[in-house]
Structures are given as structure tokens and as C-alpha cells.
Amino acid sequence: MNNRLKGILAIAAIASLLFTSCSKNDDDPTPPAGGKIKYALLTEAGAYPNNTTYFLGLENLDKTHIDNTGSTEFASGALIYGFNEAALVSFVGQPATMTRYTFDNQGKMVAGSSLRDPAGRNFASLCFVDEHDAYAATVGTGGEYKVTRFDPVTMQKKGDVDISLLKIAGIPTIYIQQIVKRGNKLFMGVYYEKDFNPAIDEAVVAIVDIATQKVEKVIRDPRTSRIFIGFNGGALSVMPNGDIYVMAYGTAAKPSGILRIRNNEYDFDPGYFMNLSQLTGGICRNFFPYSDNKAVTTRIEDPNDEWELNGPNYSYYIIDFVNGSVQGKIEGLPVVYGSNPPFLKQINGEWLLNAARQGTSTVYSFNPTSGTVNQKFTVDGKLANFIELK
């Protein structure tokens, strides 16, 4: 396995995490909320392990091109999560560090408190429950893993979730691919790995009882493959009616597919399965719903380059996940990176879609009624995420 592919898998570990000692940095009080900066974006240049990350705040979205002027540069990969007026930035590398950033009234980025773990590699798969309650997963050296509860304002650790039910003898590494909340439960996508290869070729979801802080049930479905890579979401989605849709990645042996956990139920719906590989003609990953029944996914173009070692290799498709049909490829978009930073999200009332490429990425305005796109702005580098600060 070449170093770049190992790097991709290492960054994929961002989606499962570990904290042995997460603490508040008392020397960095949380700064006041900024009055100008309303958006923040994270772009990447280079390839692992020599990648650089640029973090930039924006007052508005009036520009047609955004370069790295005025950005803060980090000599590592990173993930960014928006939480009210703050951006939580999780850095790739040991020790695992996630820092809360805000912007002052002059637009200057100010570092606040940090959550740290000396043995961890990254914090990711964040789930914000309320103003002072959140969960994140980590993975550390040797495959050690945890799910930790913390305060996203003070960045203080509050405890670890008991995930002993997830452990399987002979499988050293677990990646938590996304965490979502429904009612008094957390639902977590789980990926088992051994020697950089999947150890269980099934979709696995763990259910956590918030009251007891313990994994109380693990459900598996053999109709599709593992749940894999949900940095910007794209793996589990809770719909307004309470149904949870789960996106699973395909392999040569099993199709990409979407599963459902009905509202008030805690097992996969045996009567529902959307075979995306069959419907689109290729392996798919990512699931971004924009209505009660429509979503976008990304489908591979060259099946021999699933890790995109040769460049962008996925196209956006519109699907009807309730009725199990595919509307087709979104016209007017380039082939994009699908193994890491795609997203479709609503920001300031507008649906924005990321067409990430190596040199320049493009953000499009997406019309949810017609399924058409219009170019909004371009960004230097590979756009990893884009958030709104509230």
C-alpha cells in the first residue's frame, strides 16, 4: 500500500476518535464573538503527509473568487465544524487537538480553549446536542478508540461513552463515521478495520442511550457494505419525520446502498433498501438530503481509482430516496473529489454545493426545485469545508 493511500486511510481515521486526557486551556479564555465575520472556510493544498491547510473568515459571499489572502496557515490537515459563532478546528496529527476559534471585531482569528489528547490522532464525527453538550470520536495509536462527551464552549471533557459493546476480538481498529441524535439516543456509523482493510463487510450502526452514556445496541445489515467516510456528514441523516437514512459504501462484492431506521424503531427496516450501485451504474458514497425525499450522492467514474490517487473521480447525482429512484447526473458540474470533501448544505437560506478539485474548487448555488446549478464562487485549493457562523 503506497504512502498516499495510507495517508488517506489515516485521515479517514478522523471519523473515529479517542480522548484520554482532554482539558481546558486556562491560558486562552474564549474570546468575544466577532461582529464582521459571518462565514469560514477551510482549504487544502498538497498531499499527505505534506499538506497545508488554510483557514479563512469572510464577511460576506460577494466575491466571485476567494484566494488565501488573509488566511491562517496550518502545516497539517484539519477538519472544521461550525458551532454558533465559533469554528471548532480539529487538526490531523499527534497529539490530537481541537481548538475553538472566533473572530474579533476587526476580523482577526482568535484561538480560544482546546481539547487535547496526547495519544490521539484527531477529533472528528462531532455531534452537538445543546449549548454545552457535544460528542466526538477519536482513534489513537494502535487503534485505541473512544467517544467522548465535552462542552463545546469551554472545551472541557465531561466523560467517555461506554462503547465496550462495540469491541470484537481480533479487530483492533474502529472508526466512528458520523454521530447523530434522535430523541434520547445517539446513532453512530461504525467501520471496523484491520491492517488497513475492512474487517466487516456490512453496514453497522451503534445506538447509545444518552441517559446511561452507554452503547446499548449494535445493528448490522449485510445487504450493503461498510459505512465509510462522513467528514462533512453524508453517512447518517435524521429526517423531520424521525426516520434515519444510512448511506453505505459499496465494494466489488456488495452494492452501495441506503438503509432506513424508522422513527421510534431501533433496527434497520427490512422492507427498505435502495441499491445505488444498480440504479446509478457504479459505486456511490455521500448522502446529502435537501427535501423530504430528494438528496444528492456522488458516483464513481473510474472504478479502478476509488481513492482518487489520479485526481477527482466522482460525479453528483440526484436521487429520490423515498421512492427509490435516480433522477440523474447534475448537469454543468465537473468531476469532483468524492472520497473526502463534497457537501451540499444550506447556508443563509441558499443551498450550496462543493465541487472540490486540487487546484481550484468551485461552489455552486443549487436550485432544489429544478435540480440545476449556477456557479457562485471559486476557491484556491481543495475546499474541505465551508461553514456559517451564527
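Here, every reference points to the structure presented above.
Attention here is on the structure that accompanies the text. (Residues numbered from 1 in each chain as written. Predicted model: local features only at pLDDT ≥ 70, side-chain atom pairs only at ≥ 80, totals over all residues. Heavy atoms only, no water.)

Let us now look at the overall build of the chain. Check the secondary structure of the chain and you find 2 helices and 30 strands. Taking all 390 residues of the chain together, 58% fall into the buried category. Taking as baseline every contact in the chain between residues at least 6 positions apart, the subset at least 24 positions apart corresponds to 54%. By element, 45% of the accessible surface of the chain is carried by carbon and sulfur atoms, the whole surface being about 14,900 Å². (Helix = DSSP H or I, 4+ residues; strand = E, 2+ residues; numbered from the N terminus. Buried < 20%, exposed > 50% of the residue type's maximum accessible area, 1.4 Å probe, protein only. Contact = heavy atoms within 4.5 Å. Areas by Shrake-Rupley, 256 points an atom, 1.4 Å probe, with all protein chains shown as cover.)

Our next topic: the side chain of D221. Among the structural elements, D221 can be located in strand β17 (residues 214-221). The exposure class assigned to D221 is buried, which follows from its relative accessible area of 6%. Side chain to side chain, D221 and R223 meet in a polar contact 2.7 Å long. Among residues more than four places away in sequence, those in contact with D221 are E202, A203, L259 and F268. (Polar contact = N/O pair within 3.5 Å; in protein donor to acceptor, adjacent residues only side chain to side chain.)

A few words now on the packing of aromatic side chains. Between two aromatic rings, the relevant description is the distance of the centres plus the angle of the planes. Taken as a whole and assessed by the stated rule, the structure comprises 17 aromatic pairs. Centre to centre, the rings of Y290 and W351 are 6.3 Å apart; their planes meet at 70°, and the pair counts as edge-to-face. With a gap of 61 residues between them, Y290 in the loop between β22 (284-289) and β23 (294-300) and W351 in strand β27 (residues 350-355) connect regions that are remote in the sequence. Take Y290 and W351: they sit in the same class, and that class is buried. Between Y290 and F366 the ring centres are 4.9 Å apart and the planes differ by 70°, which places this aromatic pair in the edge-to-face class. Of this pair, Y290 sits in the loop between β22 and β23 while F366 sits in strand β28 (residues 360-366); the two residues are 76 residues apart in sequence, bridging distant segments of the chain. F366 shares its class with Y290; the two are buried. Positioned over the ring face of Y266 is R182, at 5.4 Å from the centre of the ring. (Phe/Tyr/Trp six-rings, centres within 6.5 Å; stacked < 30°, edge-to-face > 60°. Lys NZ or Arg CZ within 6 Å of the ring centre and 35° of its normal.)

This part is about unusual backbone geometry. Comment: phi is negative for the bulk of residues other than glycine, and the bulk of peptide bonds are trans. In this chain, Q94 is followed by P95 through a cis amide linkage whose omega measures 0°. Examined against the element boundaries, P95 turns out to sit in the loop between β6 (86-91) and β7 (96-103). A positive phi angle, close to 55°, is found at D195, a residue other than glycine. If you trace the backbone, D195 turns up in the loop between β14 (185-194) and β15 (197-198). Look at Q213: it is not a glycine, yet its phi comes out positive at around 55°. Positionally, Q213 belongs in the loop between β16 (203-209) and β17.

Attention now moves to the sheet that holds strand β26 (residues 344-347). Spatially, β3-β29-β28-β27-β26 is the arrangement adopted by the 5 strands of the open sheet, whose pairing is mixed. With partners counted over all chains shown, the strands left at the sheet margins are β3 (65-66) and β26, one partner each. Bridging between β27 and β28 involves 5 bridges; their strand directions are antiparallel. What sits directly across from W351, in β28, is F366. (Pairing = 2+ DSSP bridges.)

Within a regular strand, the side chains alternate between the two sheet faces. Counted residue by residue, β14 has 9 buried out of 10 residues, so it is predominantly covered. Pairing geometry for strand β13 (residues 173-182) and β14, over 9 bridges, is antiparallel. By the bridge assignment for β14, I176 is matched with V190. What sits between β13 and β14 in their antiparallel hairpin is a turn of 2 residues, with G183 showing a positive phi close to 65°. Alignment of β14 against β15, held across 2 bridges, turns out to be antiparallel. Each bridged residue has a counterpart across the sheet, and for E193 the counterpart in β15 is P198. Connecting β14 to the next strand, β15, in antiparallel fashion are 2 residues, including D195 with a positive phi near 55°.

Across all of its chains, the model carries 15 salt bridges by this definition. A salt bridge links D209 to K185; its shortest N-O distance comes to 2.9 Å. Of this pair, D209 sits in strand β16 while K185 sits in strand β14; the two residues are 24 residues apart in sequence, bridging distant segments of the chain. By relative accessible area, K185 is classed as buried at 11%. As a salt-bridge pair, D269 and R262 come within 3.2 Å of each other at their nearest N and O atoms. Taken together, the shared-partner salt bridges connect D133, R149 and K158 into one network. (Salt bridge = Lys/Arg side-chain N within 4 Å of Asp/Glu carboxyl O.)

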